[in-house]
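# Understanding the architecture of this molecule
The lines below spell out each chain.
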Amino acid sequence: DECKTYIDNLNASSQSLKLKGKPVSVSFGVCEVTSPSLSFMKAMEIADKRMYMDKNTKRANLDN
C-alpha cells in the first residue's frame, strides 16, 4: 500500500512535466518479494512487465 501511494504521488507530480513543450510521462512497475523462492531476476522480470503494462495503458489513454 505504501509503494502504491508513493507511485500515485509520483504519477500526479509528473503530469505537469514538459520537455521542450511536450508532456513527459513516467511509468512504473513493482514486484513485492513475498517468498524466498522468488529470485531477484524473476522479481525484476515481473516488475518490468508491469512497467510496460503501465506504459501501454497510459499510451492507450492518450489515444482516446
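Our subject in this report is the structure included herewith. (Residues numbered from 1 in each chain as written. Predicted model: local features only at pLDDT ≥ 70, side-chain atom pairs only at ≥ 80, totals over all residues. Heavy atoms only, no water.)

So, about the overall build of the chain. Along the backbone of the chain there are two helices and two strands. Mapped in sequence order, the helices and strands of the chain form the string α-β-β-α. On C-alpha atoms alone, the chain measures out to a radius of gyration of 14 Å, which is more than a quarter above the 11 Å that the 2.2 N^0.38 rule sets for 64 residues. When burial is assessed residue by residue, the chain has 9% of its 64 residues classed as buried. (Helix = DSSP H or I, 4+ residues; strand = E, 2+ residues; numbered from the N terminus. Rg over C-alpha atoms; globule rule 2.2 N^0.38 Å. Buried < 20%, exposed > 50% of the residue type's maximum accessible area, 1.4 Å probe, protein only.)

Turning our eyes to something else, we now look at the environment of aspartate 1. Within the secondary structure, aspartate 1 sits in the segment before α1 (2–14). Through-space distance from the C-alpha of aspartate 1 to that of methionine 41 is 23 Å; in sequence the pair is 40 residues apart.

With that settled, consider a nonpolar patch on the surface. Together, Leu17, Leu19 and Val24 give the surface a local cluster of nonpolar side chains, amounting to about 250 Å² of exposed area. If you trace the backbone, leucine 19 turns up in strand β1 (residues 18–19). Taking relative accessible area as the criterion, leucine 19 reaches 59% and is therefore assigned exposed. (Patch = residues over 30% accessible without salt bridge, like charges linked within 9 Å, V, L, I, M, F, W, Y side chains within 5 Å. Areas by Shrake-Rupley, 256 points an atom, 1.4 Å probe, with all protein chains shown as cover. Salt bridge = Lys/Arg side-chain N within 4 Å of Asp/Glu carboxyl O.)

As enumerated under the stated definition, the model contains four salt bridges in all. Glutamate 45 is the salt-bridge partner of lysine 42, the closest N and O atoms lying 3.3 Å from each other. Linking lysine 42 with glutamate 45, this pair stays in helix α2 (residues 40–63), spanning three residues, or about one helical turn. Under the relative-accessibility criterion, lysine 42 is labelled partly exposed at 37%.

Here valine 24 is to be found in the loop between β2 (22–23) and α2. If sequence neighbours within four positions are ignored, valine 24 has contacts with Ser14, Leu17, Lys18 and Leu19. (Contact = heavy atoms within 4.5 Å.)

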